[in-house]
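# Results of the structural survey
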Amino acid sequence: KNNNNHRNSNDTNNNEKKDTLTECLRAAKLTILSVGSGDGSQQRAIVRQGHSRILVTFYESKREVLQKYPHAADILEELHRSCYRPPLYNVDATRLHTYFDSTTKTTTTKFELIMFTFPHTGVPNASPKNISSNRALLKQFLASAQHILSPNNGEIQITLKVGGHYDKWGLS
């Protein structure tokens, strides 16, 4: 009996490993859009894990990204070399459909995963307009992203900070 239980435990572990492997292989094939990519370090980490089908976008110009994040030059170069498309700059997350719509000829890609990590308008946290501006950013982002999201199992992932002032956004 103990051997059978032990065998069942191994079978369960093997199934979990297979499920994890299957999920990793599926994820590696996804066409991913990263919006508002900061210094690009998170996106570089994704690429280094084997996910080269990622299009990295920045709200700022390349010059502004490098001014804001002086350490980012090597990151941006690696993203340029390693991703299936070079990074795009001056991309407004609330107008994604204008960059990736077939009528603009930029690209006609539908993305299986659109990720927006720590979205923020840049309005100072102490400003009375901070909450409304960030709510509007997310609402407009979602409205625009739906037009470029794959109709088959497309997914949008938004990573938000929690605690303190971010809880006042009322998004939980």
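Reading the values: the criteria
Note on numbering: residues in each chain are counted from 1, in written sequence order. Where local features are concerned, this predicted model is filtered to residues with pLDDT of at least 70; where side-chain atom pairs are given and counted, the filter is 80 or more; whole-chain, interface and lining totals use all residues. Side-chain numbers come from the whole structure's heavy atoms, not from hydrogens or water. A run of DSSP states H or I qualifies as a helix once it reaches four residues; a run of E qualifies as a strand once it reaches two. Both are numbered from the N-terminal end. Burial classes: relative accessible area under 20% of the type maximum marks a residue as buried, over 50% as exposed, and values in between as partly exposed (1.4 Å probe, protein chains only). Any two residues having at least one pair of non-hydrogen atoms within 4.5 Å are treated as being in contact. Only the protein chains shown count as cover for residues, and all accessible areas are computed by the Shrake-Rupley method using a 1.4 Å probe. Strands are labelled as partners when DSSP assigns at least two bridges between them. With the strands aimed away from the viewer, a crossover counts as right-handed if its path from the first strand over the helix to the second runs clockwise. Ring pairs are drawn from Phe, Tyr and Trp, using the six-membered ring of Trp, whenever the two centres fall within 6.5 Å, and their geometry is named by plane angle: stacked under 30 degrees, edge-to-face over 60, tilted for the rest. Any Lys NZ or Arg CZ found within 6 Å of a ring centre and within 35 degrees of that ring's normal is scored as a charge over the ring. Any residue with relative accessible area above 30% and no salt bridge may belong to a patch, with like charges joined within 9 Å and the nonpolar Val, Leu, Ile, Met, Phe, Trp and Tyr side chains within 5 Å. We count a salt bridge whenever a side-chain nitrogen from Lys or Arg sits within 4 Å of a carboxyl oxygen from Asp or Glu.

### A few points about the overall build of the protein chain
When helices and strands are tallied, the protein chain shows six helices and four strands. When the elements of the protein chain are put in sequence order from the N terminus, they spell out α-β-α-β-α-α-α-β-α-β. Evaluated residue by residue, the protein chain yields a buried proportion of 33% over its 172 residues. Pairs at least 24 residues apart make up 66% of the contacts formed inside the protein chain by residues separated by at least 6 positions. About 10,700 Å² of surface is accessible on the protein chain, with carbon and sulfur atoms providing 49% of the total.

### Here we look at the pairing of strand β1 (residues 32-35)
Along β1, one buried face is formed by Ile32 and Ser34 and the opposite face, lined by Leu33 and Val35, is buried too. Relative to strand β2 (residues 54-56), β1 runs parallel, the two being bridged by three bridges. The partner of isoleucine 32 across the bridge, within β2, is isoleucine 54. Remark: the β1/helix α2 (residues 41-48)/β2 crossover connection has right-handed handedness. Where β1 lies against strand β3 (residues 113-117), four bridges are found, and the strand directions are parallel. Paired with serine 34 across the two strands is methionine 115, which belongs to β3.

### Description of the packing of aromatic side chains
For the structure on display, the rule yields two aromatic pairs. Considering the side-chain rings of phenylalanine 116 and phenylalanine 141, the 4.9 Å spacing of their centres and the 65° angle between planes classify their relative orientation as edge-to-face. Remark: phenylalanine 141 occurs in helix α6 (residues 130-145) and phenylalanine 116 occurs in strand β3; sequence separation between them is 25 residues. Here the two residues phenylalanine 116 and phenylalanine 141 agree in accessibility, since each one is buried. Arginine 53 extends its terminal NZ or CZ atom over the ring of tyrosine 84, reaching a point 4.6 Å from the ring centre. The side chain of lysine 161 reaches across the aromatic face of phenylalanine 118, ending 5.8 Å from its centre.

### A closer look at a nonpolar patch on the surface
On the surface, Leu142, Ile158, Leu160 and Leu171 cluster together into a nonpolar patch covering about 280 Å² of accessible area. For leucine 142, the position within the fold is in helix α6.

### Topic: the side chain of threonine 57
Relative to the elements of secondary structure, threonine 57 occurs in the loop between β2 and α3 (62-68). Apart from residues no more than four positions distant in its own chain, threonine 57 is found in contact with Leu33, Ser34, Val35, Gly36, Ser37, Leu88, Val91 and Phe100.

### Overview of the pattern of salt bridges
Enumeration according to the criterion identifies four salt bridges in this entry. For glutamate 78, the salt bridge goes to arginine 44, with nearest N and O atoms at 4.0 Å. Placement of glutamate 78 in helix α4 (residues 73-82) and of arginine 44 in helix α2 is noted, with a sequence separation of 34 residues between them. Arginine 81 is the salt-bridge partner of glutamate 77, the closest N and O atoms lying 3.9 Å from each other. With a gap of four residues between them, glutamate 77 and arginine 81 both fall in helix α4, about one helical turn apart. Each member of the salt-bridge network shares a partner with another, and the members are Arg44, Arg48 and Glu78.

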